[in-house]
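# Working through the structure, step by step
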Amino acid sequence: MEDYYNSNKFKDMLRSYEDGMKEGNPPYLDVEDLTDIAEYYHNSDKPEESRQTVDYALSLFPDATEPLALRARIALVDDNDIYAAREYAERIEDKTDLEYFYITAEIMLSVGEFAEADKYLNECLRTSVGDEADDFALDVATLFADYNFFDLAEKWFHLCIDDNSDEYNEIKGRIALEKGNYEEGERIYNELLDRNPFSTNYWNGLASSQMLHNELSDSITSSEFSIAIDPHNAEAIYSKANGLFILENYTDALTFFNRYNKLCPDDETGEMSIASCLFNLNRDQEGIIHLKQAEKIAIKKGHQNCLFEIYKELAYAESSMGHVAFALEYVNKLTGIYSWYRNDAMVLRGYICLENNDMEQAVKHFHNAMIESKHSPRIYLCVAIAFYDNGNIAPAYEMLNKLVKQQNNRTHMGYSYLALCCNEMGLHDQYLANVKAACELNPHEASKVLSHLFPEGMDTKDYYQYLLNQEF
């Protein structure tokens, strides 16, 4: 569809439609054209324009399948209203239409019924033959990928016979990234760009693979190509902002997060990202204002996962400003909504006390968290990090030394943080040994925690040798 949206035919039709709507005299367009315009708006993060266009299409063609399916998707994705989505879907008369199959499955996925959706779509596949079956399998693979069910996406992807289409290779690239095959993902997206260098989707995919591979400058450059093609491409703008943020260029990151927020004002992640920049620029009070705005959006949208992160960040922010009572209020909100967070909340309370110079109370909270969690290695690590973050290096070092030796620490957590402690304490040999252990036993943690100590884009497997080379 991206090629079609960039065609002169579509651009002329869109211009005619928008001019007519402004004048109150929209041109006559058939249902497919109106649905294409509505989908263009939806893909361009213009929800109100998309809703207005699809509702206009339904006012002219009340029983048409395409706008009903899109209206159901808007209810599902934008409004988080599964009941309205089902009502629009059931208004589709032809229950053998592919659009009906897709939206029905998407409704299932939205409530986590992935096995049921897979079974339903397998039954639908029996009605498709030849090229239609191939297209159906590819569309289903894309649908599962969009909802992060990548195992099922890969299963459907392998049902496709035509392995030369751009659509096939794009989903192949997405699956490669999800499986951690970042070099493969980069190769696929570069090949796609050789075929179509003006695809923002491909530039965005390449930027994602480069960012995941810790090639931040290259990722930012790829995002800039995407923005040059489409200055209003929200995904590219957010990706560039994120790259700048990771490189600790918070001022420029803030500029691009603000641009993203103007394009997507109903996405709380924009407000959250702006807040993160402001906190790093020591503009805490402004950051809190943006987090509270993010809270309003998340509550309206019913986005519980984001709300969880917002309350945690508000607790940290209020604590850093010395507002202990406000910080603890947000911790109480967390435990009131998320009962499973009880042990982590005790660690967070301890962190707040530690940051505000109440060591005695902090130790009580940490002790309770470890007892309640039955000395969970993860909780133990969180306590150690709390000590490290607040400048208490010696107790963090002692705890991490014990953690890495625990037999029940089967995921090998803590070596990277222990390496940081050793580095700060001047324990050079231990620093080298723990960097080596971290990279061999838990490379994901090593990349997350230690990457700022090494050249940009360096693979974790090269960290230890790099340090040895520095000695000569």
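Residues numbered from 1 in each chain as written. Predicted model: local features only at pLDDT ≥ 70, side-chain atom pairs only at ≥ 80, totals over all residues. Heavy atoms only, no water.

## What to know about the overall build of the protein
Assigned secondary structure in the protein consists of 28 helices and 0 strands. Referenced to the eigenvectors of the C-alpha coordinate spread, the extents of the protein come out at roughly 75 × 50 × 45 Å. Taking all 472 residues of the protein together, the buried fraction comes to 49%. In the protein, of all internal contacts separated by at least 6 residues, the share reaching a separation of at least 24 is 50%. (Helix = DSSP H or I, 4+ residues; strand = E, 2+ residues; numbered from the N terminus. Buried < 20%, exposed > 50% of the residue type's maximum accessible area, 1.4 Å probe, protein only. Contact = heavy atoms within 4.5 Å.)

## Overview of the environment of D389
As for its placement among the helices and strands, D389 is situated in helix 23 (residues 377–389). For the pair D389 and K364, spaced 25 residues apart in sequence, the C-alpha to C-alpha distance is 18 Å.

## As for helix 27 (residues 443–450)
Looking at helix 27, one finds that the buried residues are E445, A446, V449 and L450. Burial along helix 27 is one-sided: seen end-on, the buried residues are contained in an arc of 100°. Exposed side chains of helix 27 directed beyond 90 degrees from the buried face belong to H444 and K448. Those residues of helix 27 that are buried are in contact with helix 23, helix 25 (415–425), helix 26 (428–441) and helix 28 (463–470). (Arc of directions from axis to C-beta.)

## Let's talk about the side chain of D344
Relative to the assigned elements, D344 resides in helix 21 (residues 342–355). Polar side-chain contacts of D344 include one of 2.7 Å to the side chain of R378. Residues contacting D344, with those up to four places away along its chain left out, are R378 and I379. (Polar contact = N/O pair within 3.5 Å; in protein donor to acceptor, adjacent residues only side chain to side chain.)

## Section: the pattern of salt bridges
The tally for this structure, following the rule as stated, stands at 19 salt bridges. In this structure, E372 engages R342 in a salt bridge whose closest nitrogen and oxygen atoms are separated by 3.9 Å. A residue pair is termed long-range when its members are at least 10 positions apart, and E372 in helix 22 (residues 359–372) and R342 in helix 21 qualify at 30 residues. A residue is classified by how much of its surface remains accessible, and R342, at 48% relative accessible area, is partly exposed. Put simply, D344 and R378 hold a salt bridge, and the shortest N to O gap is 2.7 Å. Linking D344 in helix 21 with R378 in helix 23, this pair joins segments that are 34 residues apart in sequence. Classification of R378 as partly exposed rests on a relative accessible area of 39%. (Salt bridge = Lys/Arg side-chain N within 4 Å of Asp/Glu carboxyl O.)

## Topic: the environment of Q210
Looking at the element boundaries, Q210 is found in helix 13 (residues 200–212). In this structure Q210 comes out as buried when scored by relative accessible area, which is 8%. C-alpha of Q210 to C-alpha of Y182: the two residues are 28 residues apart in sequence and 7.3 Å apart in space. Apart from residues lying up to four places away in sequence, Q210 is in contact with E186, E215, D218, S219 and S222.

Shape descriptors only; they carry no functional weight alone.
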